[in-house]
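# Remarks on the overall topology
Each chain, letter by letter, is given below.
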Amino acid sequence: MVDHSQLKSELASGDLIIRKVRETDLPALEWDGEYTKFRRMYASLYRDALLGRVLMWMIETQDCEMVGQAFVVLKSRELSAADGERRAYLFAFRVKPQYRNKGVGTYLMAFIQDDLRQRRYKFVTLNVAKDNTNALRLYRRLGYKVIGSRPGKWSYTDHEGKTHQVNEPAWRMMKRIG
């Protein structure tokens, strides 16, 4: 379990709350415009969350300021990432810069792993961009191991309806949680 008291002492803002994303939270996931381009994707993921295929988590202060987020696919077409029974896929794991290196990401990850363990999942997979050394260091510290390389080619349709191709080579990582 997470030692919330230790985290509380590190943050002047007090306790943090982790909860499922609500429809009214979708604009906050855009992070003051930084991720507006993913508006359509967030709406689609929210619909999948209502159907039980995706978990959308956010972490906020008691003053309702969103400080982080993470999404989990329970079953994917790519069964090696998420098979709906033993393996789930974590993505869009983000903590706002002013809250980094204060235990927020560790706290959020522990919460997600506990939740998946209760759902009887045994493994968590994720991809991390090869050039994101800070995230790679965090995941390794939390016990994730590199199990392969991914080309990181994917696309999305932005809020204006334009399709974008992304080329973000990544490491596939995995952790046994159960």
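Refer to the structure printed above.
Residues numbered from 1 in each chain as written. Predicted model: local features only at pLDDT ≥ 70, side-chain atom pairs only at ≥ 80, totals over all residues. Heavy atoms only, no water.

### Observations regarding the overall build of the protein
Helix and strand counts for the protein stand at four helices and nine strands. For the protein, the succession of helices and strands along the chain, N to C, is α-β-α-β-β-β-α-β-α-β-β-β-β. With respect to the principal axes defined by its C-alpha atoms, the protein has extents near 40 × 35 × 35 Å. The 178 residues of the protein split such that 44% are buried. Taking the contacts inside the protein whose residues are at least 6 apart along the sequence as the reference set, 61% of them involve residues at least 24 apart. Accessible surface, the protein as shown: approximately 10,100 Å² in total, 47% of it carbon and sulfur. Taking the average location of the 32 positive side-chain charges in the protein and that of its 21 negative ones, the two points are 8 Å from each other. (Helix = DSSP H or I, 4+ residues; strand = E, 2+ residues; numbered from the N terminus. Buried < 20%, exposed > 50% of the residue type's maximum accessible area, 1.4 Å probe, protein only. Contact = heavy atoms within 4.5 Å. Areas by Shrake-Rupley, 256 points an atom, 1.4 Å probe, with all protein chains shown as cover. Lys, Arg positive; Asp, Glu negative; His and termini not counted. Charge placed at Lys NZ, Arg CZ, Asp CG, Glu CD.)

### With respect to helix 4 (residues 133–141)
Of all the positions in helix 4, only Ala135, Leu136, Leu138 and Tyr139 are classed as buried. Each buried residue of helix 4 sits inside an arc of 160° when the element is viewed along its axis, so together they form one side. Along helix 4, the residues that are exposed and aim more than 90 degrees away from the buried face are Asn134, Arg137 and Arg141. As for helix 4, its buried residues are in contact with strand 4 (87–95), helix 3 (104–118), strand 5 (123–129), strand 6 (145–150) and strand 9 (170–176). The positive-phi residue at the C-terminal boundary of helix 4 is Gly143, with phi of around 100°. (Arc of directions from axis to C-beta.)

### Focus on the sheet that holds strand 4
Ordered by their spatial adjacency, seven strands build an open sheet running 1-2-3-4-5-9-6, and the pairing between neighbours is mixed. In this open sheet, the two edge strands, each paired with only one partner strand, are strand 1 (16–20) and strand 6. Shown here is a sheet whose adjacent strand axes are inclined to one another by a mean of 25°, direction ignored. Contacts from helix 2 (residues 39–50) reach strand 2 (54–61), strand 3 (66–73) and strand 4, with the element oriented near 110° to strand 2. (Pairing = 2+ DSSP bridges. Axes fitted to C-alpha atoms, helices over the stretch in contact; angles between N-to-C directions.)

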